[in-house]
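A closer look at the structure
So you can see what is in the structure, the chains are spelled out below.
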Amino acid sequence: GEDVEQSLFLSVREGDSSVINCTYTDSSSTYLYWYKQEPGAGLQLLTYIFSNMDMKQDQRLTVLLNKKDKHLSLRIADTQTGDSAIYFCAEVNYGGSQGNLIFGKGTKLSVKP
Amino acid sequence: NAGVTQTPKFQVLKTGQSMTLQCAQDMNHNSMYWYRQDPGMGLRLIYYSASEGTTDKGEVPNGYNVSRLNKREFSLRLESAAPSQTSVYFCASSAQNSGNTIYFGEGSWLTVV
């Protein structure tokens, strides 16, 4: 079945770049998403990329997609303490429940001053 | 902009008690979802509703029931709460069945003792 894998923890220093990686299994996914969850809050859509794109940039965020390897990454430039959160990668699940997103378990980003 | 609103935010139940989590969205979305989030497990789909009048089981439906009351509202009921249902519950909605962005509520923290 479909699965989304991502590392559980990442620690960086303020001002450095953060790169959060994700692998997925469903090659038919047309959309891939990054969500951000701050402590005690719900999931907030950060960005998404269409499967026919290799890269998408939005201010400090860069999403890279390697369809051949089914690898997605999120790069945060000039990481700030306010970026500390859990980041979820997600792909659309066409094979099972309609409209369901398959989420990774989340990467907890810790930013040290 | 209310988006997705869910209540209550916090609840403590005794084993065997029943309760209903309420969810409403004001974005005229067709699809609505209930997820639970547990440490180390990520987000798991409990039930979803692709459109008004329809509901379907997700990955972990046992112990829950849902009602799509109208296009705006999608409630989740625990008939006889168990400690294993201690979790954070998220309601979400999206415009179409597949490939469209899912928007989340702020979460409901449920503890069953």
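The rules we used
Residues numbered from 1 in each chain as written. Chains lettered and ligands numbered in written order. Predicted model: local features only at pLDDT ≥ 70, side-chain atom pairs only at ≥ 80, totals over all residues. Heavy atoms only, no water. Helix = DSSP H or I, 4+ residues; strand = E, 2+ residues; numbered from the N terminus. Contact = heavy atoms within 4.5 Å. Disulfide = S-S within 2.5 Å.

Observations regarding the environment of B:Val12
Residue and element names in this part refer to chain B. By secondary structure assignment, the location of Val 12 is in strand β2 (residues 10–13). With 98 residues separating them along the chain, Val 12 and Leu 110 place their C-alpha atoms 5.9 Å apart. In this structure, Val 12 is in contact with Thr 111 and Val 113, ignoring residues within four places of it in sequence.

A look at the environment of B:Phe74
Here B:Phe74 lies in strand β8 (residues 74–78). Taking the C-alpha atoms as reference points, B:Phe74 and B:Met32, separated by 42 residues in sequence, lie 6.8 Å from one another.

Considerations on the state of the cysteines
Counting across every chain of the model gives 2 disulfides over all chains. Each sulfur in the disulfide pair A:Cys22 and A:Cys89 lies 2.0 Å from the other. A torsion of -65 degrees about the S-S bond marks the disulfide between A:Cys22 and A:Cys89 as left-handed. Within this pair, whereas A:Cys22 is found in strand β3 (residues 18–24), its partner A:Cys89 is found in strand β9 (residues 85–93), the two being separated by 67 residues in sequence. Here B:Cys23 engages in a disulfide with B:Cys91; their sulfurs sit 1.8 Å apart. Across the S-S bond of B:Cys23 and B:Cys91 the torsion is about -75 degrees, and the bridge reads as left-handed.

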